[in-house]
Structure formats: C-alpha cells, structure tokens
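Residue-level listing of the chains:
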Amino acid sequence: MDSNPIPSSTTNTTESTTPPPSTSSTTATTQPENSNGTNSSDTNDNNNKETTRTNTETSTTNINGESSEQTSTTQDSDQPQPSGESSEAGASAENDQTKQIDRILRPNFKYYNLNPYEVLNINPSTANEEEVKKAYRRISLLIHPDKAPEALRERAQTAFEELNKAYNMLKDPNELEMCKNVVEAARRRVDNARGLKEKENPSKKVTGGLVGVIQKVTNSAEIEKEQYEHEVRVATLRLFAETELKRKAIQDREVAERKRKREQRHERSE
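Everything numeric in this text was worked out from a predicted model, so none of it was measured.

A look at the overall build of the protein
- Scanning the protein from N- to C-terminus turns up 10 helices and zero strands.
- The N-to-C order of helical and strand elements in the protein reads α-α-α-α-α-α-α-α-α-α.
- For the protein, restricting intrachain contacts to residue pairs at least 6 apart in sequence, the fraction spanning at least 24 positions comes to 66%.

Below is the structure:
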C-alpha cells in the first residue's frame, strides 16, 4: 500500500482562484512614453475626446442648419400669397370705364349731351362749382384715352371730347348763366303743366286708418318726387335742344348776312 497521502484538492483550488494581475496596471507598465513624457494612451484618449467634440459640433451645425431651413420654409409659407384682388380691381375699373363711355356715347348722344349736367351726371338743381370739378375729375380719370385699351381708345377719345365740352360750358360764366336759365325754365314749364293737370283732375282724398294714411302719403310723396324729377329732366333736355336750334338758326342767319354783304361789295366794285 502506498503510504503517500493524496494531494489536497483545497490547495489546488485556492491557487487556481487567485486573481490574475490587473490588465490596466500591466498596460500602464508596458506602454511606451512619448518624447514629452506623456503616455500614448492619454494621447489617444485626448484624440478621441477631440474627435467626439468635433462630431458633436458638426451634428449641431447640421441640426441648426436643418432648423433654419425649416424656419425659412415656414416663413416663406407664412408670406402673403398673391391674391386675385388686383385683377378683380382692374376688371372693375375697366367695367366702370366701359359704362361711362357707353353712357356718354349713348344713341342720339348729340341730343342728350346738349345738357352739360347730363354729361357730368350731376343734378343741375344742387350742382355747384366744386361738385362740377369733382365730377369732371372722376369721369375724366375713368375714360381718358391713354388709359383705355386699344379696342376702346377711339370711343374713349370721343367721350373725352364730349366731357371736356360740357365742363368748359359750365366753367364759362356766360354759358353757366344760360344753363341755369334753361333749368329754371324747364321747372317752370313742368310746374305749369302740373298745375293745369291738377285743375283738370283734382286729387282724391286718402281714406283709411292713420297708419294706412301715413304709408300712402309717404309712398305717394316718393313716387311723386321721382316722377317730378323725371319730368324736369325731360323738359330740360328739350329746352337745351330748343336753345341749340335757336343758336344754330341765329348763326346761320349771321353767316347768310355776311355772305350777302360780301356779294354786294363785289357787285359795287365791278
């Protein structure tokens, strides 16, 4: 029998579980030093930190750049977009221009435009010097030939001449006095005609309740006023036409008289 004792497993286990030397300490002792005395591991750590910082700044720049682009895009989207208001305004102005030209150059406009108040589209009973100027400026800006399209330029030129003719009549003191006299004569003619009608056909009394009476009187007064102004307008146009016919007749007689005198002088000289 062997008398040698069996080796104890406890001793082997203790030796095998002894921790190995530290890696960091081994590395620290085995790393070569740089010329300035700094370990290369410290240098690598510093380089890694610099690289990380650079990458962080780059990413921040990219993020800021994207944010600024998004902001500018948002601002661009917030900017007011062109609307159709300007085109609508232009179409409206052109429509007003056409209406004024058509009004001044209506059929038989030579007859209607004998009344300068008709051309300027103002009430002769209330028109003063300032109102005449405002009406002329407003219409002249609309129908001026330089602002009219090519298709309307010729008609705009004719309408503009008619407008200037009417304005010059009301600027001249003598012509203005004649125009006022015509308007007053037209009102007297209408008043006289209405007086005869009232005598021939006296108005009936209004019957009914108080509310009904007030309503009927109000409606009757409004209708009466509109009818009266219409009659005055028609009478004024007729009187201006009569005045123009008289003026032409006088002018024709003067021309004929001058011609006759020239012929008489010519006969005597022979």
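Resuming the write-up.
Thoughts on helix α7 (residues 129–143)
- Here α7 is 15 residues long and its end C-alpha atoms lie 21 Å apart, about the 21 Å a rise of 1.5 Å per residue gives.
- V132, A135, Y136, I139, S140 and I143 are the residues of α7 that are buried. Looking straight down α7, one finds its buried side chains confined to an arc of 120°; they lie on one side.
- Where α7 starts, the residue carrying a side-chain oxygen 3.3 Å from the main-chain nitrogen of E130 turns out to be N128.

Re the pattern of salt bridges
- Per the stated rule, a full pass over the model turns up 12 salt bridges.
- A salt bridge links E242 to R189; its shortest N-O distance comes to 3.6 Å. Taken together, the residues E242 in helix α10 (residues 210–269) and R189 in helix α9 (residues 173–200) connect sequence positions 53 residues apart.
- Its relative accessible area of 32% is what places E242 among the partly exposed residues.
- Take R189: its relative accessible area is 39%, and that puts it in the partly exposed class.
- Linked by salt bridges that have partners in common, R106, E118 and R233 make up one network.

Quick look at the nonpolar core
- Residues L120, I143 and L163 are the most contacted members of the largest nonpolar core, which totals 35 residues.
- With eight residues, helix α8 (residues 153–171) is the largest single contributor of residues to this core.
- What I143 contacts, discounting residues up to four positions off in sequence, is Q97, Q100, I101, I104, A156, A159, F160 and L163.

Regarding the side chain of N113
- Positionally, N113 belongs in the loop between α5 (109–112) and α6 (116–120).
- A residue is classified by how much of its surface remains accessible, and N113, at 8% relative accessible area, is buried.
- A polar contact is formed between the side chain of N113 and the backbone oxygen of I104, at a distance of 3.1 Å.
- There is a polar contact of 3.1 Å between the side chain of N113 and the side chain of E162.

A few points about a positive patch on the surface
- A cluster of basic residues, R258, K259, K261, R262, R265 and R268, forms a positive patch at the surface.
- If you trace the backbone, K261 turns up in helix α10.
- With relative accessibility at 41%, the residue K261 sits in the partly exposed group.

Considerations on the packing of α7 against α8
- The N-to-C vectors of α7 and α8 enclose an angle of 170°; their axes lie 10 Å apart at closest approach. Taken together, the axes of α7 and α8 are roughly antiparallel relative to one another. Touching V132, K133, Y136, I139, S140 and I143 of α7 are A156, A159, F160, L163, N164, Y167 and L170, all from α8.
- In the contact of α7 with α8, the residues fall into 10 nonpolar, two polar and one charged.

As for the side chain of R194
- Here R194 shows up in helix α9.
- Exposure remark for R194: the relative accessible area of 15% places this residue in the buried category.
- Ignoring anything within four residues of it in the chain, the contact list for R194 reads E224, Q227, Y228 and E231.

The rules behind these values
Residues numbered from 1 in each chain as written. Predicted model: local features only at pLDDT ≥ 70, side-chain atom pairs only at ≥ 80, totals over all residues. Heavy atoms only, no water. Helix = DSSP H or I, 4+ residues; strand = E, 2+ residues; numbered from the N terminus. Contact = heavy atoms within 4.5 Å. Expected span 1.5 Å × (residues − 1). Buried < 20%, exposed > 50% of the residue type's maximum accessible area, 1.4 Å probe, protein only. Arc of directions from axis to C-beta. Polar contact = N/O pair within 3.5 Å; in protein donor to acceptor, adjacent residues only side chain to side chain. Salt bridge = Lys/Arg side-chain N within 4 Å of Asp/Glu carboxyl O. Core = buried A, V, L, I, M, F, W, Y, C linked by side-chain atoms within 4.5 Å. Patch = residues over 30% accessible without salt bridge, like charges linked within 9 Å, V, L, I, M, F, W, Y side chains within 5 Å. Areas by Shrake-Rupley, 256 points an atom, 1.4 Å probe, with all protein chains shown as cover. Lys, Arg positive; Asp, Glu negative; His and termini not counted. Charge placed at Lys NZ, Arg CZ, Asp CG, Glu CD. Axes fitted to C-alpha atoms, helices over the stretch in contact; angles between N-to-C directions. Parallel < 35°, antiparallel > 145°, perpendicular 65-115°, else oblique. Nonpolar A, V, L, I, M, F, W, Y, C, P; charged D, E, K, R; others polar.

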